[in-house]
Amino acid sequence: MKAASFRGGLRLPVPENVELKPIKAFPAPDRVLVPLTLDPEQSVDLLVKKGKNVKEGEIIGQGVSSVVLATISGKIEEVNKDFRLPNGERTTVVSIQAPEDEALVKGKDGLLPKGSLEKIIQAGVYDYTGRPAPLLDKLAFHRSRKIKTLIVSCLDEFFVQGRTTALLHQHGQDVLDGIDILKGISGAQEAVIVVYAEAVQALEILNGLDRFKIVTVQARHPQHKEQLLVTAVTGNEYPAELAPEDFGVTTLNAETAYNAARAINHNRLILDKLLTVAGSGLEEPVNCFARIGTPLGEVLEGLGLDRNSIAKLILGGPLSGVAVSDLETPVTQEMDLIFLQGRDDLYHFSPEAVCFKCGYCVEICPMRLMPFFISGFSEGQDYELAEKNDIFSCIECGCCAHVCPVHIPLVQWIQLGKSAIRAQRS
Ligand code: SF4
Ligand code: SF4
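Residues numbered from 1 in each chain as written. Chains lettered and ligands numbered in written order. Predicted model: local features only at pLDDT ≥ 70, side-chain atom pairs only at ≥ 80, totals over all residues. Heavy atoms only, no water.

(A) Molecular detail of the site of ligand 1. Ligand 1 sits among C365, P366, M367, P371, C394, I395, E396, C397, G398, C400, V411 and I414. Classifying every residue of the shell around ligand 1 gives 10 nonpolar, 1 polar and 1 charged. (Near = heavy atom within 4 Å. Nonpolar A, V, L, I, M, F, W, Y, C, P; charged D, E, K, R; others polar.)

(B) Just helix α5 (residues 226-234), in detail. Among the residues of α5, those classed as buried are L228, L229, V230, A232 and V233. The secondary structure elements touched by the buried residues of α5 are β12 (149-153), β13 (190-196), β14 (213-217) and β16 (249-253). Positive backbone phi, at 80°, marks G235, one or two positions downstream of α5. (Buried < 20%, exposed > 50% of the residue type's maximum accessible area, 1.4 Å probe, protein only. Helix = DSSP H or I, 4+ residues; strand = E, 2+ residues; numbered from the N terminus. Contact = heavy atoms within 4.5 Å.)

(C) Representation of the side chain of T276 in the model. Relative to the helices and strands, T276 is located in strand β17 (residues 272-279). Aside from chain neighbours lying at most four places away, what touches T276 is Q161, R163, P285, V286, N287, D336, L337 and I338.

(D) Examining the domain arrangement of the protein more closely. You can read the domains of the protein as domain 1 (10-21 + 117-266), domain 2 (30-97), domain 3 (271-343) and domain 4 (360-425). Relative placement of domain 1 and domain 3: their C-alpha centres are 23 Å apart. Contacts between the two partners involve 19 residues from domain 1 and, on the opposite side, 18 residues from domain 3. A buried area of about 1500 Å², summed over both sides, lies between domain 1 and domain 3, and 53% of it is on carbon and sulfur atoms. (Domains from an automatic or database assignment. Buried area = accessible area lost by both parts, 1.4 Å probe.)

(E) Expanded view of the pattern of salt bridges. Counting across every chain of the model gives 19 salt bridges. Its salt-bridge partner being E284, residue K21 comes within 2.2 Å of it at the nearest N-O pair. Taken together, the residues span a long stretch of sequence, with K21 in the loop between β1 (10-11) and β2 (24-25) and E284 in the loop between β17 and β18 (286-291) at a distance of 263 residues. A salt bridge links K138 to D127; the nearest nitrogen and oxygen atoms lie 2.8 Å apart. Residue K138 is found in helix α2 (residues 135-144), and its partner D127 is found in strand β10 (residues 126-127); the two are separated by 11 residues along the sequence. A relative accessible area of 11% places K138 in the buried class. Judged by relative accessible area, which is 0%, D127 ranks as buried. (Salt bridge = Lys/Arg side-chain N within 4 Å of Asp/Glu carboxyl O.)

(F) A look at the site of ligand 2. Near ligand 2 you find C355, F356, K357, C358, G359, C361, F372, C404, P405, V406, I408 and L410, and these make up its full shell. The cavity where ligand 2 resides is the second largest cavity. Taken together, the residues that form the shell around ligand 2 break down as 10 nonpolar, 1 polar and 1 charged. (1 Å grid on protein atoms, 1.4 Å probe; cavity = no way out; pocket = protein on both sides within 12 Å on 5 of 7 lines; lining within 4 Å. Sits in = over half its atoms within 2 Å of the grid points.)

(G) Structural detail: helix α9 (residues 371-379). Listed as buried for α9 are P371, F372, I374, S375, F377 and S378. Buried positions along α9 lie against α8 (360-364), α10 (383-388), α11 (399-403) and α12 (410-425). Positive backbone phi, approximately 55°, marks Q381, located one or two places after α9.

(H) Region of interest: the environment of V215. Examined against the element boundaries, V215 turns out to sit in strand β14. When the C-alpha atoms of V215 and V195 are compared, they prove to be 6.4 Å apart, with 20 residues separating the residues in sequence.

(I) Up close: the sheet that holds strand β5 (residues 53-54). Reading across the sheet, the 4 strands line up as β3-β9-β8-β5 and stay open at both edges, with antiparallel pairing between neighbours. Both outer strands of the open sheet, β3 (31-35) and β5, are each paired with one neighbouring strand and no more. Relative to strand β9 (residues 90-97), β3 runs antiparallel, the two sharing 5 bridges. Across the sheet, residue V32 finds its bridge partner in β9, namely I96. (Pairing = 2+ DSSP bridges.)

The structure is reproduced here in structure tokens:
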């Protein structure tokens, strides 16, 4: 089977003979900071006050078709209504401190045996492919749009993460059952699983399953982005102002399928997030389940890392991630890669550098844009021209900034330009 690919982008390093390690499960921390929402457009009512005792799994926030759960038992220490998330958005964060008395620690045993849709809400299942949102909202939207094809991504941002391959190895049956559930609720006619052609151990599990179509893609960055996934499966590109659902296609990911099966088939609450921690201080990437709300500093300590040896922590990978300066930032549903850089690994951009039109950024852009133009217009605050040059088609993969010989922070200027345009519109 020929693996699909696309023009531009960066070939990802594929290590040979990787030994799959079991996913590490961190014990529940003593303190969590649970965000009520990651999307400012989503309204969630706070159900608790400072000083209240809550049980693990208790509902502390209620949205229209979603709940926010206490991820440990303990006392509400603080409700911070002006917490800044790594993406710059502000949200309410509930801080819970575990009690010293062990007897108070036990939480809910699981979900009550209700119908599937109710369980998806009550278990707190979210999906973060594209935009983080309650899973049931997404599935209801897919059904209303009569989507034909459900694409399930088994692609990590970087091949070496091995996060999804480890999930398939350890919980393959649940992932596959979850895909059946997602397909059923969304009303899709077919489910297509996309996997790296080089992910031999994942393919061993998927090959021979005739109820799903398997599409293999080359390990090339940023193949995991929604626009390129859809093109790999359908052969069609769609313009930035439209969504894949406009063409009868939608995308979810393997972890969401796993969580749907945990909720519906095993009555489990979703209190944790599957993460990869990679980079400085670690011999190889570590895949782990961490409680939602765990401060990132505690995740690092759980891996035996010294906070002071880390010069930069990036959420989402070195090419397109967001640097985080506060190690109190909690683990959220949308995180999947924490990349660490030591002082010697830091990459320095040169905002003062002048473009000499070498064209490398144009050559590598998978969206066939002119990065130096768009970034220049953003830098000069000429947002009309940035829009005319298709700034919103940029998928923020970071390839252009990576290859620029004079280190212009191209993608950072583009991100700033998009935020400014959105702010002007609102
Ligand atoms: S312009 Fe956007 S899509 Fe193109 S390479 Fe740069 S970051 Fe990626
Ligand atoms: S890679 Fe850098 S120097 Fe070359 S055209 Fe792009 S912005 Fe200009």
